[in-house]
Amino acid sequence: MTEEHRMTVDGETFSIRRRSPNTYSYEWISGRNPEYGFEIGASSTQEFDDDMHEEAIRRFLAEINPQTGYLAD
């Protein structure tokens, strides 16, 4: 993946970009805070499939404070 890929998980939309062979950047398009998101690195150059992206997004969303829209303290 070299271009933007959009994915909706549990009603939330993310823009996903492969930054390097081992790094993916996720921008939370539908989130309360513009341009908020996360990056993850992989230990191999294997490209993530949609199931792997979905799992990463769900882990991120599980950590969000619903009152602030940011990662919980």
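See above for the structure.
Since the model is a prediction, treat every value here as computed from it, not as a measurement.

The next subject is unusual backbone geometry. At D10, a residue that is not glycine, the phi angle is positive and equals roughly 50°. Mapped onto the elements, D10 comes out in the loop between β1 (5-9) and β2 (12-20). The residue E35 is not glycine, and still its phi comes out positive at about 60°. Following the sequence through the fold, E35 ends up in the loop between β3 (23-28) and β4 (37-41).

Quick look at the pattern of salt bridges now. Scanning all chains against the criterion turns up four salt bridges. Across the pair E4 and R6 runs a salt bridge, and its minimum N-O distance is 3.1 Å. In this structure E4 comes out as partly exposed when scored by relative accessible area, which is 35%. E54 serves as the salt-bridge partner of R58, at 2.4 Å between the closest nitrogen and oxygen. One end of the pair is R58 and the other is E54, both in helix α1 (residues 50-62) and four residues apart, which spans about a single turn. Classification of E54 as partly exposed rests on a relative accessible area of 26%. A single salt-bridge network, built from bridges that share partners, covers D10, E54 and R58.

Right, let's get into the pairing of β1. Looking along a regular strand, one sees the side chains alternate between the two faces of the sheet. Judged from the five bridges that link them, β1 and β2 form a sheet pairing that is antiparallel. The residue bridging T8 from the neighbouring strand is T13, located in β2. Between β1 and β2, which pair antiparallel in sequence order, lie two residues; one of them, D10, sits at a positive phi of approximately 50°.

Bringing the nonpolar core into the picture now. Judged by nonpolar contacts, the single largest core of 17 residues is most densely connected at F14, Y26, W28, F38, I40, I57 and F60. With four residues, α1 is the single largest residue contributor to this core.

Counted at 1.5 Å a residue, the expected span for α1 with its 13 residues is 18 Å, and the 18 Å between its end C-alpha atoms agrees. Of all the residues in α1, the buried ones are H53, A56, I57, F60 and L61. Across the axial projection of α1, the buried residues extend over an arc of 135°, all falling on one side. Opposite the buried face of α1, at more than 90 degrees from it, the exposed residues are D51 and A62. Where α1 is buried, its residues contact β1, β2, β3 and β4. Residue D49 occupies the N-cap position of α1, its side-chain oxygen lying 3.2 Å from the main-chain nitrogen of D51.

The rules behind these values
- Residue numbering note: each chain is counted from 1, following its sequence as written.
- For a predicted model such as this one, the threshold for reporting local features is a pLDDT of at least 70, and the threshold for listing and counting side-chain atom pairs is 80 or more; totals across whole chains, interfaces and linings nevertheless cover every residue.
- Here the side-chain values reflect all heavy atoms present in the structure, with hydrogen atoms and water set aside.
- Helical segments are the DSSP runs of H or I of at least four residues, strand segments are the runs of E of at least two, and each set is numbered from the N terminus.
- Salt bridges are counted wherever a side-chain nitrogen of Lys or Arg sits within 4 Å of a carboxyl oxygen of Asp or Glu.
- Whether a residue is buried, partly exposed or exposed follows from its accessible area with a 1.4 Å probe, protein chains only, as a fraction of its type maximum: under 20%, in between, or over 50%, in that order.
- Between any two strands, pairing holds if DSSP finds at least two bridges.
- By nonpolar core we mean a set of buried residues, namely Ala, Val, Leu, Ile, Met, Phe, Trp, Tyr and Cys, connected to one another through side-chain atoms within 4.5 Å.
- The length a helix should cover is 1.5 Å for every residue beyond the first.
- This arc is built from the directions going out from the helix axis to the C-beta atoms.
- Should any heavy atoms of two residues lie within 4.5 Å, those residues are counted as being in contact.
- Under the rule applied, a polar contact is a pair of N or O atoms within 3.5 Å (in protein, one hydrogen donor and one hydrogen acceptor; residues adjacent in sequence only if both atoms are side-chain atoms).

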